[in-house]
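# Descriptive analysis of the structure
Okay, here's what each chain looks like letter by letter:
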Amino acid sequence: MTQKVFYQGEIVDESSVSISIRSKAFNYGLACFEGIRAYWDDEEEQLYGFCMKEHYDRLLESCKCLNMKIPYTSEELCDYTVELLKANNCKTTTYIRPIVYKGAETLKPSLMEMDDRIIIYTQPLDSYSGKDELRVAVSSWRRISDTSLPPRTKATAGYLNSALAGLEVISKGYDEAIFLTNAGFVCEGPGENIFFVKNDKLITPPPSDDILEGITRALVMKLAKEELGMEVVERSVARTELYNSQEVFFSGTAMEVTAVVEADDRRIGTGHEGEVCRKLKEIFAKVGVGKIDKYKYLTIPVW
Ligand code: PMP
């Protein structure tokens with residue numbers, strides 16, 4: 001069955017959509033996107049769109065920064081996404097990728113022409129890394145900054161920075177890269193935020209350190225406070241703290257909550273997934289399929 005996509009207000013066959021080789025999105029990376037998950041619950045035979053509203057709110061904020069306009073509200077985009085998941089008969093955990101892009105075909109790398117388009121496509125996605133325990137290395141590529149290519153806008157062009165870091169460290173056998181900011185603080189992974197457990201506090205770099213303010217990050221902070229009673233601190237983190245923390249873990253829509261057990265060939269904590277990460281993963285898995293009443297508002301049933 002050919003896959004359906006949402007394109008410019010309609011659910012259509014993926015094969016019917018074509019993007020011009022002259023579009024600014026293709027030529028200059030003038031586009032922004034989101035990554036959303038819908039979790040399949042075997043017990044209930046139900047698919048739950050997860051944090052969809054939060055992701056579409058962020059997409060609309062990105063559009064505002066990049067002078068892109070689409071005529072839909074977050075709520076409408078959530079409704080279209082449910083329609084799309086149904087059209088694709090999604091009955092497994094699924095990744096949802098909305099992209100807003102400059103379709104204009106003029107030569108300049110300009111954000112001024114208002115020929116903006118939106119595509120949403122879906123694909124099955126179970127585990128992103130395929131591993132429960134990751135070995136990472138700090139990349140020699142520094143993170144793009146809000147002063148030049150704002151990570152907050154989730155611009156497709158910014159993912160060249162992510163891809164360069166991945167090329168450097170994954171080709172050497174590590175599972176994922178870690179970025180430092182230009183000032184040398186630990187920032188995030190190429191597609192995930194980072195957390196540290198030190199003296200039983202949960203620490204994560206602040207928005208001012210050029211991170212993407214992850215939707216999963218916000219939820220992990222909330223769960224750590226409310227469900228584990230932990231103190232959560234947003235502050236700049238030095239590179240050496242990466243080596244000397246009790247635990248380190250990633251958070252992200254694709255990556256979910258995943259332990260980092262080695263950094264730059266140094267073992268972190270016990271060298272295995274820690275207690276805090278394990279507990280948060282367990283709670284997160286329940287929240288994803290609407291099993292905890294308090295967080296049910298984050299899920300939208302599809303079927
Ligand atoms: N940082 C970067 C650079 C990312 O691409 C992502 C994935 N969207 C994240 C962090 C995690 O954000 P979220 O939890 O919203 O998926």
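Predicted, not measured: the structure shown is a model, and the values here were computed from it.

With that settled, the discussion passes to the overall build of the chain. In terms of helices and strands, the chain carries seven helices and 17 strands. Here the chain has a C-alpha radius of gyration of 19 Å; the compact-globule value for 303 residues is 19 Å, and the two agree. Overall size of the chain, expressed as C-alpha extent along the three principal axes, is 55 × 50 × 30 Å. Expressed as a percentage of the 303 residues in the chain, the buried residues total 43%. At a minimum sequence separation of 6, the contacts of the chain that also span at least 24 residues come to 69%.

All right, on to the domain arrangement of the chain then. One can read the domain layout of the chain as domain 1 (4-124) and domain 2 (133-288). The C-alpha-based centres of domain 1 and domain 2 are spaced at 25 Å. Facing 19 residues of domain 1, the contacting portion of domain 2 comprises 10 residues. Elements supplying a minimum of two residues to the side of domain 1 that touches domain 2: strand S3 (31-33), strand S4 (36-41), strand S5 (46-50) and helix H2 (52-65). In terms of residue count, the dominant contributor to the side of domain 1 that touches domain 2 is H2 (five residues). Partitioned by chemical class, the residues of the side of domain 1 that touches domain 2 number 11 nonpolar, four polar and four charged.

Around the ligand, 14 residues are found, and the nearest of them are Gly214, Ile215, Thr216, Gly252 and Thr253. Of the residues forming the shell around the ligand, the biggest block, three residues, is contributed by helix H5 (residues 215-226).

Where H2 meets helix H3 (residues 74-87), the closest approach of the two axes is 9 Å, and the angle between their N-to-C directions is 125 degrees. Looking at the two axes, H2 sits oblique to H3. As for how H2 packs across H3, the hand of that crossing is right-handed. Contact with H2, carried on its side by Met52, Lys53, Tyr56, Asp57 and Leu60, involves Ser74, Leu77, Cys78 and Thr81 of H3 and no other residues of that element. Counted by class, the contact of H2 with H3 contains five nonpolar, two polar and two charged residues.

When a protein is soluble and globular, its nonpolar side chains tend to lie buried together. Grouped together as the largest cluster of nonpolar side chains are 78 residues, with contacts concentrated most on Val248, Val260 and Leu280. Excluding residues that lie within four positions of it along the chain, Val248 makes contacts with Ile194, Phe195, Phe196, Leu242, Val260, Ala263 and Ile268.

Let us now look at helix H7 (residues 275-288). Under the 1.5 Å per step criterion, the end-to-end length of H7 is 20 Å for 14 residues, consistent within 8% with the ideal 20 Å. Turning to H7, its buried residues number three or more, namely Val276, Cys277, Leu280, Ile283, Phe284, Val287 and Gly288. One side of H7 carries all its buried residues, which in axial view fall inside an arc of 140 degrees. Away from the buried face of H7 by more than 90 degrees, exposed residues Glu282 and Lys286 are located. Residue Gly290 follows H7 closely and has a positive phi angle near 65 degrees.

All right, on to helix H4 (residues 159-170) then. Here H4 spans 15 Å end to end across 12 residues, near enough to the 16 Å set by a 1.5 Å rise per residue. Of all the residues in H4, the buried ones are Ser162, Ala165 and Val169. One face of H4 carries all of its buried residues, which in axial projection span an arc of 65 degrees. Of the surrounding secondary structure, the elements contacted by the buried residues of H4 are strand S8 (133-138) and strand S9 (176-180).

What follows covers the pairing of strand S11 (residues 193-198). Counting buried positions along S11 yields five of six residues, so the element is predominantly enclosed. Judged from the three bridges that link them, S11 and strand S12 (residues 201-204) form a sheet pairing that is antiparallel. Residue pairing in the sheet places Lys198 in a bridge with Lys201 of S12. What sits between the antiparallel neighbours S11 and S12 is a turn of two residues, in which Asn199 has the positive phi angle 50 degrees.

What follows is about the packing of H5 against H7. One can describe the packing of H5 onto H7 by two numbers: an axis separation of 10 Å at closest approach and a directional angle of 110 degrees. With respect to H7, the axis of H5 lies roughly perpendicular. The handedness of the crossing between H5 and H7 comes out as right-handed. Note on element contacts: H7 touches H5 through Leu280, Ile283 and Phe284, opposite Val220, Leu223 and Ala224.

Parameters at a glance
- Residues numbered from 1 in each chain as written.
- Predicted model: local features only at pLDDT ≥ 70, side-chain atom pairs only at ≥ 80, totals over all residues.
- Helix = DSSP H or I, 4+ residues; strand = E, 2+ residues; numbered from the N terminus.
- Rg over C-alpha atoms; globule rule 2.2 N^0.38 Å.
- Buried ≥ 20, exposed ≤ 12 C-beta atoms within 10 Å, placed from the backbone.
- Contact = placed C-beta atoms within 7 Å.
- Domains from an automatic or database assignment.
- Nonpolar A, V, L, I, M, F, W, Y, C, P; charged D, E, K, R; others polar.
- Near = placed C-beta within 6 Å.
- Axes fitted to C-alpha atoms, helices over the stretch in contact; angles between N-to-C directions.
- Parallel < 35°, antiparallel > 145°, perpendicular 65-115°, else oblique.
- Left-handed = near helix turned anticlockwise from the far one by under 90°.
- Core = buried A, V, L, I, M, F, W, Y, C linked by C-beta atoms within 7 Å.
- Expected span 1.5 Å × (residues − 1).
- Arc of directions from axis to C-beta.
- Pairing = 2+ DSSP bridges.

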